[in-house]
Amino acid sequence: MPRPAILTLSLALLGACASKTPIVPPVSPEETGVHHIGKFVWYDLITDDVAAARQFYGALFGWEFRDDDGDERYITIVHRGRQIGGIAHVEPVEQQHDISQWVSWLSVPDVGAAVELVQQAGGEVHREPKDLPNRGRFALVSDPQGALVALLRSTGGDPPDAREVIEGAWLWTELWTHDVESAVAFYRDLAGYEREITDTGLQQPYHVLMRDDRARGGVARLSREEVRPNWLPYILVDRPGDLLPRVDALGGRVVFAPDSDVRSGTVAVIQDPTGAVLAIQKWPLEEEGGTGR
């Protein structure tokens, strides 16, 4: 993502271009009082075409949308009665740049300390720590290789781990990066992860970020040098291949179709009509082999 687009994105999350900050929901509808450090607790789509995004995701996953204060700069995504994310409207700084992207929110114990670590490691801070009503204290950063992530200490606590993952909602979050070892070391310092390596049956091993005996995210090597490192969110679906014709029909694009050699053919990567990329995957796997989440 070009730097002007990231700056626009950070302004959208804070509502800095407007007279008031948009109302955003908490990451958990009930106060839990518990923080699961290293867990990805929320997802926001940043886009300059909210209408196209709503039509696409509503038709593909059955998502519904709500704006809490009549301010269309931020709308909440609701799925089966559950708040699962948001869509923030931004205006592109430069028309030739595609600014749409999913932003993953990572729970950290201290946002200020996390930002200092990012700076010391050679990352970039796009928004200094700030309190966001309902949400908590957050900052927007890029890691040393350029992957964008929002850091959060939520006000009322994080969503409970025991919550069931439902079809059409978030399943997993995965970092695609050029230097896996450096990335694993950075996020170990940032969120206290331990690493487990999974044999996927492919040439490259898969790295699972663990915290408190729970898998919190994955890391995979990005082979294409022209692609900027990024955190890729996953949606749980029953039959990824069956959704691909609908992706095309709704104006999206299939980036990667299911391949029997990759996670037993249970995963696909798609791009919505506004340019944002995400993955869809069946879970659990029905066959041996492949990494699950």
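Residues numbered from 1 in each chain as written. Predicted model: local features only at pLDDT ≥ 70, side-chain atom pairs only at ≥ 80, totals over all residues. Heavy atoms only, no water.

Caption draft 1: Main features of the packing of helix 3 (residues 111-121) against helix 4 (residues 180-191). At their nearest, the axes of helix 3 and helix 4 sit 10 Å apart, and the two run at 155° to each other. Here helix 3 lies roughly antiparallel to helix 4, going by the angle between them. Here helix 3 runs over helix 4; the crossing is right-handed. Listed contacts from helix 4 to Ala114, Leu117, Val118 and Ala121 of helix 3 are Phe186, Asp189 and Leu190. For the contact of helix 3 with helix 4, the class distribution of residues is six nonpolar, no polar and one charged. (Axes fitted to C-alpha atoms, helices over the stretch in contact; angles between N-to-C directions. Helix = DSSP H or I, 4+ residues; strand = E, 2+ residues; numbered from the N terminus. Parallel < 35°, antiparallel > 145°, perpendicular 65-115°, else oblique. Left-handed = near helix turned anticlockwise from the far one by under 90°. Contact = heavy atoms within 4.5 Å. Nonpolar A, V, L, I, M, F, W, Y, C, P; charged D, E, K, R; others polar.)

Caption draft 2: The arrangement of the packing of aromatic side chains in detail. Tallying each qualifying case throughout the model produces 13 aromatic pairs. Ring centres of tyrosine 57 and tryptophan 63 lie 5.1 Å apart, and the angle between their planes is 15°; this geometry places the pair in the stacked category. The burial state of tyrosine 57 is the same as that of tryptophan 63; both residues are buried. Each residue in the set Tyr43, Phe56, Tyr57, Phe61, Trp63, Trp102 and Trp170 is aromatic and connected to the rest through ring pairs, giving one cluster. (Phe/Tyr/Trp six-rings, centres within 6.5 Å; stacked < 30°, edge-to-face > 60°. Buried < 20%, exposed > 50% of the residue type's maximum accessible area, 1.4 Å probe, protein only.)

Caption draft 3: Representation of the pattern of salt bridges in the model. Applying the stated rule across the entire model yields 13 salt bridges. The partner of aspartate 161 in a salt bridge is arginine 216, with the nearest N and O atoms 2.9 Å apart. Taken together, the residues span a long stretch of sequence, with aspartate 161 in the loop between strand 8 (148-154) and strand 9 (170-177) and arginine 216 in strand 12 (residues 214-221) at a distance of 55 residues. With respect to burial, aspartate 161 and arginine 216 carry one shared label: buried. Through salt bridges with shared partners, a single network forms among Lys39, Asp161, Arg214 and Arg216. (Salt bridge = Lys/Arg side-chain N within 4 Å of Asp/Glu carboxyl O.)

Caption draft 4: Representation of unusual backbone geometry. At the junction of tryptophan 283 and proline 284, the peptide bond is cis and its omega measures out at 0° in the coordinates. Mapped onto the elements of the fold, proline 284 is located in the segment after strand 16 (277-281). The backbone of serine 264 sits at a positive phi, close to 60°, despite the residue not being glycine. A relative accessible area of 24% places serine 264 in the partly exposed class.

Caption draft 5: How the structure looks around the nonpolar core. In terms of nonpolar packing, the biggest core is built from 54 residues, with Tyr57, Phe61, Trp63, Trp102, Leu151, Tyr187 and Ile280 touching the most fellow members. Here this core takes seven residues from helix 4, the largest share from any one element. Among residues more than four places away in sequence, those in contact with tyrosine 57 are Leu45, Gly62, Trp63, Phe65, Trp102, Asp272, Ala276 and Leu278. Within the second largest apolar cluster, 17 residues are counted, among which are Val24, Val27, Val41 and Leu132. (Core = buried A, V, L, I, M, F, W, Y, C linked by side-chain atoms within 4.5 Å.)

Caption draft 6: Quick peek at the side chain of threonine 177. Looking at the element boundaries, threonine 177 is found in strand 9. Threonine 177 sits in the buried class, given a relative accessible area of 0%. Residues in contact with threonine 177, not counting those within four places in the same chain, are Gln145, Ala183, Val219, Ala220, Arg221, Leu222 and Pro229.

Caption draft 7: Here's a closer look at the side chain of aspartate 44. Following the sequence through the fold, aspartate 44 ends up in strand 1 (residues 40-47). At 2.6 Å, the side chain of aspartate 44 forms a polar contact with the side chain of tyrosine 74. A polar contact of 3.3 Å, which involves the side chain of aspartate 44, links it to the backbone nitrogen of glycine 86. (Polar contact = N/O pair within 3.5 Å; in protein donor to acceptor, adjacent residues only side chain to side chain.)

Caption draft 8: Layout of helix 3. Within the span of helix 3, buried status applies to Val111, Ala114, Val115 and Val118. Taken down its axis, helix 3 places every buried residue within 100° of arc, on the same side. Each element contacted by the buried residues of helix 3 is listed here: strand 6 (124-132), strand 7 (136-142), strand 8 and helix 4. Residue aspartate 110 occupies the N-cap position of helix 3, its side-chain oxygen lying 3.0 Å from the main-chain nitrogen of glycine 112. Glycine 122 sits one or two positions beyond helix 3 and adopts a positive phi of about 95°. (Arc of directions from axis to C-beta.)

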